[in-house]
Amino acid sequence: MPTQPKLGECLKALRRRHGWTLQEVNQRTGVAVSTLSKVENDQMSLTYDKLLQISEGLGVTLAELLSPPAASGEMLARRAIGRPGEGLLQVTPNYDYLYLCTELQRKRMVPVLTTVKVRDIAEFGPLVRHSGEELIYVLDGAIEVHTDHYAPVRLETGGSIYLDSTMGHGYVSVGEGDAVVLGVCSSPEPDLEGTLRSLFAT
C-alpha cells in the first residue's frame, strides 16, 4: 500500500517546480525561513492556519500544496496553443487588449497583443502602474513610450523596450493609423493576468 507523501516533500517539490528559494517563499507567505526549512526536513509540522497562510501566499490551493511530488524524472508539461484571432479581448479607451493563451492559469508571463488607439498622451489619463516587468515589441506602426523618470521615446516597427512596470508608463500611436504591439508582462504575483484585466477594466 503506497505511503502518503509528507508535507515536507510536497512543499519542497512545489517550491522547486516554481524555482522559488526559501527566502522567496518567506517573502510571499510571511512564514519564517527557519520554519519552512524545518518543515521540508520533516522536523516540524504546521497548523491548518499556517497551511492556509502558505497556500494563499503562494497562490495555490491546499490540494496543490499537499499534492505528492512528481515521480523521478517527470517534468511539467504545460502548454497552450493560440490560433490567429483567438484570445480574450478587452477593449479600453486607449488600447484593445487580446490576452493570449488564457487557458493556462498562474502563468509566470502574461502575453498580450495590444492595439494602441490613443494618439495624444494628454488624452491618455494617468500613467499605468502594476507589479513586475514588461517587454513591448512593436509589430506594426509606431509608438511613443511615456514613462516616469525618462523622456518620451519613439519606437518604429521592430523596436522594443523593457521596463519596470511599477514605474508609470503609457504608449501612444504616432504613425499612420493604430499601432500593434506584443507585450509580455512578468511578475511574482500568482494571478497577474487577473490583476491586469481588473486594472484596465473600464
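My aim in this report is to walk through the structure given alongside it, one point at a time.

Reading the values: the criteria
- Residues numbered from 1 in each chain as written.
- Predicted model: local features only at pLDDT ≥ 70, side-chain atom pairs only at ≥ 80, totals over all residues.
- Heavy atoms only, no water.
- Pairing = 2+ DSSP bridges.
- Helix = DSSP H or I, 4+ residues; strand = E, 2+ residues; numbered from the N terminus.
- Axes fitted to C-alpha atoms, helices over the stretch in contact; angles between N-to-C directions.
- Contact = heavy atoms within 4.5 Å.
- Nonpolar A, V, L, I, M, F, W, Y, C, P; charged D, E, K, R; others polar.

**As for the sheet that holds strand β7 (residues 160–164)**
Point 1. Sheet architecture is open: six strands sit in the order β1-β2-β3-β9-β4-β7, paired in antiparallel fashion. Each edge of the sheet is formed by a strand with only one pairing partner; in this case those strands are β1 (88–91) and β7. In this sheet, adjacent strand axes meet at a mean angle of 20 degrees when their direction is disregarded.
Point 2. Note that strand β4 (residues 133–140) and strand β9 (residues 179–186) share seven bridges and pair antiparallel. The residue of β9 that forms the bridge with Leu-135 is Val-184.

**Here's the deal with the sheet that holds strand β5 (residues 143–147)**
Point 1. What the three strands build is an open sheet, ordered β6-β5-β8; its pairing is antiparallel. On the outer flanks of this sheet lie β6 (150–155) and β8 (169–173), each paired with one strand and no other. Recorded for the sheet is a direction-independent mean angle of 20 degrees between the axes of neighbouring strands.

**What to know about the packing of helix α1 (residues 7–18) against helix α3 (residues 33–40)**
Point 1. At a minimum axis distance of 7 Å, the contact between α1 and α3 shows a crossing angle of 115 degrees. Across from Leu-7, Gly-8, Leu-11, Lys-12 and Arg-15 in α1, the residues of α3 making contact are Leu-36, Val-39 and Glu-40.
Point 2. Per-class residue counts for the contact of α1 with α3 are four nonpolar, one polar and three charged.

Worth remembering: the numbers are spatial, not functional.
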